[in-house]
Structures are given as structure tokens and as C-alpha cells.
Amino acid sequence: MKIALDTSKKSLTLTSLLTDFKEITKAGLAVSVVFSSIVGYLLGVSDEFPFSWMTFILLAVGGYCMVGASNVYNQIIEKDLDALMDRTKNRPLPSGRTTKQNAFILGTALTLIGLTILYSINPKTAMFGAISIFLYTCVYTPLKTITPLSVFVGAFPGAIPFMLGWVAATNNFGIEAGTLFLIQFFWQFPHFWAIGWFLYKDYEKAGFFMLPTGKQDKKTALQTILYTVWLIIASLLPVLGFTGDLKLSYIAAGIVLLLGLWMLYFAVKLYKEMDEKAARKLMLVSVSYISLLQLVYVIDKFLR
């Protein structure tokens, strides 16, 4: 009976450790970021740069480590602020389930492992991964309590994963990788402003400035619409034929345009309704939009 009890306790401990690991590395976000990198990799493979399962796996594991490390460092820095918000107060650090020292060890380990793995793919991939961690941790995170421009700064590391996959496949950063970067860069704004809108009161408790005007007003909603338009334009650039090996058929471009108009509809709806419900809907649509767009790009490539 005693042995069974000890086994149960051990199982419970391992389960809680895994749960805390998933929370402190933001597993859901990390997986979505890895998905972007994988899509970028599939877009980059060709006869000249053939598909490799080893590179595919290394990119996925290394990418998760890099995103996880960024999230760990972010939560170390924001531990006291996270404790003030309902959305984050039960995270491992503010709740006291782990310490800053243990979190720092984990973040450092993930950084070193991630950089080593990405470097084994090629040095450029590791370099962009390191830049992403630095910008997210050392620039974006501190700026969140200082200026709404933090979202602009955060859009840079946020846009790196999509193009990182292309760099992993080709060992080159050119017009193709730059276009993928541009698409995800413009996507960041309506996505995070929607989050900043419906979580405005919670963010306010910690003093975070997430909306461009600092308020839930018409100017913020209008900027959300404008950046959605820029996103649509950027996503259609490959159909014009001047983005190198990154191409898009007319049929795929039509689907991408419809997806963009779908997202634009909800951005306009936020402008009209000016409430948290509309902002939450825009956020959910934006997540679906970027995933569907990336799938269209990949399917179109292999069907052409």
C-alpha cells in the first residue's frame, strides 16, 4: 500500500512538472510558431534544396526551444506584473510553483540547446533565432510598460519564424524570406491590438501599453483596419512574379484575397462596434487566417 502511494505521488509530481513546463514555455504559442517555421521550410525546399527529415525535425525542436526560452525569460522579467493580472496570476512564477532561479536555468538550457540545434542546420538560422530571443526578451518585454511602440518592436521577433524556415531550407535570406517576414510582420498588428483591446482592463492593472493610442478608441480601430489592408497586400505579392522562387498561382491568390477580406470584415466590425466581443472575434479570426494562409501557400506550391 505504501509503495502504491509513493508511485502515485511521483506520477503527480511528474505531471505537474510537465504542466508547468508547458505553461512557462507557452506550449500552444510555441507550437503555432514552430508551425510557421515548418511552413517556411516546406516553401523553401526544391530540387536545389531537397527536403530532409533531419532538418525538418531539428527545425521543429530547435524552434520550440528558442520560442520556449523567450517565453521563460519574458515571464522572469514580468513575474511581479503577471501576479497583478487575472490572465497570468496562476502561471508557475507568480503562483510560486517555481523560482526565478529554476526558470533562468531552464531558459538558459533551452537557449543553448536551441542555438546548437539551429546552428547544426546552418549558421544563418541560428543567427536569426538568437536575434529573435534578444529582441523579444531585451527590447520588446521592457518596452511593454513604457510605450505602445512595444508592439512594433515585438512584431520583428514575431515575424522571424515564417522566414526562418526558408533560411533553414536554403541557407539564404533573400526576397523570398523577406516576403514571408513581411507577411507575418503586418499580421502581428491587428492580431495583438485585438488582444490588447479585449484584455485592456487586465493589461491596465500591470501598466502594459498594448494599443497604439493607449485607448480603446476609433483611432486604434482604424489603425487595425489599415494594417489589415497592408497584410492583404503583402500576402498577395508572390502572385506578381517578382518575389524570386516564392510564387503564388492566380487561384491561390484568389483564396488568399478572400481570407484577407474575411479578416478585414472583422477589423471593420471592431471599428463599428468598439467592444470586447468584436475584438475577441477578430483575434480568433486572425489566428485562423494566418494558419489557413500558410496552408494555401504550401498546397499551392506542391500542386503547381
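Quick look at the packing of aromatic side chains now. This structure, assessed with the given rule, holds 23 aromatic pairs. Between Tyr 136 and Tyr 140 the ring centres are 5.1 Å apart and the planes differ by 40 degrees, which places this aromatic pair in the tilted class. Taken together, the residues Tyr 136 and Tyr 140, both in helix 6 (residues 123–143) and four residues apart, mark about one turn of the helix. The two residues Tyr 136 and Tyr 140 agree in class, both being buried. The interplanar angle of 45 degrees and the centroid separation of 6.1 Å between the aromatic rings of Phe 156 and Phe 181 together place this pair among those described as tilted. Separated by 25 residues along the polypeptide, Phe 156 in helix 7 (residues 150–170) and Phe 181 in helix 8 (residues 175–198) bring together distant segments of the chain. Judged by its relative accessible area of 31%, Phe 156 is partly exposed. It is Lys 144 that lies over the ring of Phe 208; its NZ or CZ is 4.6 Å from the centre. The ring of Phe 198 carries Arg 280 above its face, with NZ or CZ at 4.3 Å from the centroid.

Next up on the list: the packing of helix 2 (residues 27–44) against helix 3 (residues 53–77). It is at 9 Å that the axes of helix 2 and helix 3 come closest, and there the two elements cross at 140 degrees. Judged on the interaxial angle alone, helix 3 and helix 2 are oblique. Once helix 2 is placed against helix 3, the crossing between them reads as right-handed. Together, Ala 27, Leu 29, Ala 30, Val 31, Val 33, Val 34, Ser 37, Ile 38 and Tyr 41 of helix 2 and Thr 55, Phe 56, Leu 59, Ala 60, Gly 63, Tyr 64, Val 67 and Asn 71 of helix 3 make up the contact between the two elements. Taken together, the residues that form the contact of helix 2 with helix 3 break down as 13 nonpolar, four polar and no charged.

Definitions and cut-offs
- As a convention, each chain's residues are numbered from 1 in the sequence order in which they are written.
- Selection of residues for local features in this predicted model requires a pLDDT of at least 70, selection of side-chain atom pairs for listing and counting requires 80 or more, and totals for whole chains, interfaces and linings are taken over all residues.
- No hydrogens and no water enter the side-chain calculation; it runs on all heavy atoms of the structure.
- Centres within 6.5 Å make a pair out of two Phe, Tyr or Trp rings, where for Trp the six-membered ring is used; the pair is then stacked when the planes are under 30 degrees apart, edge-to-face when over 60, and tilted otherwise.
- Counting from the N terminus, the helices are DSSP H or I runs at least four residues long and the strands are E runs at least two residues long.
- The buried label goes to any residue with under 20% of its type's maximum accessible area, the exposed label to any with over 50%, and the partly exposed label to all in between, with areas taken from a 1.4 Å probe on protein chains only.
- Two conditions define a charge located above a ring, namely a distance within 6 Å from the ring centre to NZ of Lys or CZ of Arg, and an angle within 35 degrees of the ring normal.
- Lines are fitted to the C-alpha atoms to define the axes, a helix being fitted only along its stretch in contact, and any angle between axes, read from their N-to-C directions, falls within 0 to 180 degrees.
- Each angle receives one of four descriptions, namely roughly parallel if under 35 degrees, roughly antiparallel if over 145, roughly perpendicular if within 65 to 115, and oblique otherwise.
- Crossings are sorted by hand: turned counterclockwise from the far helix by less than a right angle, the near helix makes the crossing left-handed, and turned clockwise it makes it right-handed.
- The contact criterion used throughout is that any non-hydrogen atoms of two residues lie within 4.5 Å.
- Side-chain classes follow a simple rule in which Ala, Val, Leu, Ile, Met, Phe, Trp, Tyr, Cys and Pro form the nonpolar group, Asp, Glu, Lys and Arg form the charged group, and the remainder, Gly included, forms the polar group.

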